[in-house]
Amino acid sequence: MIELFYILFCLAFLPTVLAALPRSLTWSSKTYGPDGPWQAVSVAIGTPPQKLDLFPGGYYSSRVFGSSLCNTECDAQNAGVFNPQSSGTVATSFATGPGTNNISFYYNTNIFGINSSLYYDTLRVVPDAPDTPTVPLFALEVMTAGFNVLPGGKKYSLQVGGLALGAQDPNQTFPRAGLPNWNGTALPSSLFEQGLVPSNSYGLHIGSATMKIPGSLYIGGYDQTRVLGPVSVQPYAFNWLPIDMVDIEIGTAVGNSPFNFTSRSGLLGEGNATIGSHLEVHVDSEVPYLYLPQSTCDAIASNLPVTFRKDLGLYLWNTSHPQYQTIISSPAYLGFSFRQNGSITERITINVPFSLLNLTLTSPIVDLPVQYFPCRPMLDPAPAFFSLGRAFLQAAFVGVAWQTNHTGGWFLAQAPGPNTPTAAGAVVNSIRPSDRFILPSNRSWFDSWSSTWTPIGNNVINHNGTAPTPTPSTELGPIAKVFDVLDILGIVTGGLLGLFVLTGVVVFCLGRRRDRKNASMKMETKLTEQDVEEMSPGNRYYFGLIGCTRDGGYGPREMDAAHGDMYVPSAGPPREMDSTTRPSEMEGSRRHPHEMPG
């Protein structure tokens, strides 16, 4: 009877409940990149809306390409460019125009000669839906100059920008003498503050265009079918997702190995004693490759039919080698082992099948299409970092629960293969403000690849401790889902519940309201010397310029007096800040600037 009461009560308030469910983003029907192909999400910016396809990833401000980048036809136009002068809602924080950056190099991107300007405009989450959620004063780094440079010196045009997915300080404010504070907003924190999603969080699996694994991106939650096996939770850093990698191995999930060995571990530190027991890496969907030590890339490549091309900085598959087709069609994988939950002894392994590491280089990088293995050797990573980019994230789920008081965390788990439910079959779970874990699916990673692999010899699953095994069922049944919805209802309508339900439910709802209050509380702390020291070189430079305080809520941050009044380009009339909006000035991209020698 009690369960029936809960069900009827939730149905009565269903419109309110739905307002606080996770929001999915739309994936483009196009694929991009001369080193992919990669999948992108579609959004619209400005008034009237200008549609852009962007790679999901990055922190603070989103990096988009300005229309002035393409005075004539260029590759960036394929995904869409943004013209600030054509928008009636665009604004900047400076009286003289947009703030500009001139940076020589963005790490791990091959992008040089950057000239960019900071703008703020309205983001439409679903570009073609009239009632789509919007993010006012969404922070943008609009690039008006720049180009990619290969290790051999060849230049080629910019391709696709990035959609930032929040940051550890969700909202920041710049005060202006005698004027209203100037603010800018981020995607997940803005939707959360508007009460449109359950929390300031996201869940992402970029999938694979080649293997037809659709992408998945939810704000305020995640698709449980994209989370297989154990989940690792660890703290995020200022503007990156760090984790300790302890090893890399080659293995075979099902049947016999296509190599002359069953499995081979120790590849991370092979030939390099300086790596020690672990190597900190950053998981980063903004960049394409596996950015690893030269010794590690060489150790992996020594077992594969590949050849290193110094001018490209990548390994090309020898497609005429008899072993090539066998490897990429078999259940063989590259396994990346990490410290699970920061533990010294516990491990989590993400397996990336070689079929996902058989990517394609096309024009303008090469004249004719060629298959490549995406390990990018790094002799000296400074000022960059060892990173696992989109090549890794084809097979990995990543999510973040941002917290104003810096007690949040980020999630890493194995993602499924081609046998993945479509968006209609998604099991969408909320991430609540107080959550420090997420529930994995009971789906089998092996089953998600079974229709694609060609096992050698037999179909015996190799349980060697590297492949995730099915976990006890944690997918929500019908009644459990009702209680999950009730939790969300507690966030949105906690006060109303007190009028209708038992005392225990009232206490529960008040607790959920406290979660929301704590998640958006104003916490301003001066940056300590240690904070600055832990920043990347680019962020140390940025914070040094503005002499700011770090604001986790909506309090003030100091600003250079020369920054002056708000500026609105001529395309739109000057407008006052909406006092009900709680946006804030965003950092620049997480890209770390680096001056070119000479």
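Residues numbered from 1 in each chain as written. Predicted model: local features only at pLDDT ≥ 70, side-chain atom pairs only at ≥ 80, totals over all residues. Heavy atoms only, no water.

Engineer: Hey, could you go over the pattern of salt bridges for me, with residue numbers and the actual values?
Structural biologist: The full count for this structure, using the stated rule, is six salt bridges. When the shortest N-O distance is used, the salt bridge between D128 and K51 registers 3.6 Å. One end of the pair, D128, is in the loop between β7 (111–124) and β8 (134–149); the other, K51, is in strand β4 (residues 50–56), with 77 residues separating them in the sequence. With a shortest N-O distance of 3.2 Å, E286 and R63 are connected by a salt bridge. Pair noted here: E286 is in the loop between β19 (279–283) and β20 (290–293) and R63 is in strand β5 (residues 62–65), with a separation of 223 residues, a long-range link. Accessibility classification places E286 together with R63 in one group, the buried group. (Salt bridge = Lys/Arg side-chain N within 4 Å of Asp/Glu carboxyl O. Helix = DSSP H or I, 4+ residues; strand = E, 2+ residues; numbered from the N terminus. Buried < 20%, exposed > 50% of the residue type's maximum accessible area, 1.4 Å probe, protein only.)

Engineer: Give me the lowdown on helix α4 (residues 294–301), citing residues and values where you can.
Structural biologist: Most of α4 sits inside the fold, with six of its eight residues counted as buried. The set of residues buried in α4 consists of S295, T296, C297, A299, I300 and A301.

Engineer: Which residues make up the sheet that holds strand β16 (residues 228–234), and what are the values?
Structural biologist: The strand order across the open sheet formed by six strands is β1-β14-β13-β29-β30-β16, and the pairing between neighbours is antiparallel. The two strands at the open ends of the sheet, each matched to only one other strand, are β1 (23–24) and β16. (Pairing = 2+ DSSP bridges.)

Engineer: How would you sum up the packing of aromatic side chains? Please name residues and give values.
Structural biologist: With the rule as written, the count across this model stands at 20 aromatic pairs. Judged by centre distance (6.0 Å) and plane angle (70°), the ring pair of F338 and F392 falls under edge-to-face. Within this pair, whereas F338 is found in strand β23 (residues 332–339), its partner F392 is found in helix α6 (residues 390–393), the two being separated by 54 residues in sequence. Across the pair, exposure class does not vary: F338 and F392 are buried alike. Residue placement shows R390 over the ring face of W38; its charged tip is 5.0 Å from the ring centre. Between the NZ or CZ atom of R390 and the centre of the ring of F55, over which it lies, the distance is 4.1 Å. (Phe/Tyr/Trp six-rings, centres within 6.5 Å; stacked < 30°, edge-to-face > 60°. Lys NZ or Arg CZ within 6 Å of the ring centre and 35° of its normal.)

Engineer: Lay out the state of the cysteines in plain terms, naming residues and giving numbers.
Structural biologist: Summed over the entire model, instances satisfying the criterion amount to two disulfides. Note on cysteine connectivity: C70 is disulfide-linked to C74, with sulfurs 1.6 Å apart. As far as burial versus exposure is concerned, C70 and C74 are alike and both buried. What pairs with C297 in a disulfide is C375, and their sulfur atoms sit 2.1 Å apart. The sign of the -80° torsion about the S-S bond sets the C297-C375 disulfide as left-handed. Of this pair, C297 sits in helix α4 while C375 is found in strand β27 (residues 375–378), placing the two residues 78 residues apart along the sequence. The disulfide pattern of the protein chain is 1-2, 3-4 when the bonded cysteines are numbered in sequence order. (Disulfide = S-S within 2.5 Å.)

Engineer: Which residues make up the confidence of the model for the protein chain, and what values do they have?
Structural biologist: Per-residue confidence for the protein chain gives a mean pLDDT of 78; residues scoring 70 or more make up 69%. Below a pLDDT of 50 lies the segment residues 12–19, which in the model reaches 11 contacts outside its immediate sequence neighbourhood of four places, other chains included. Segment residues 464–598 is flagged for pLDDT under 50; beyond a separation of four residues in sequence, or across chains, it makes 340 contacts in the model. (pLDDT = per-residue confidence, 0-100. Contact = heavy atoms within 4.5 Å.)

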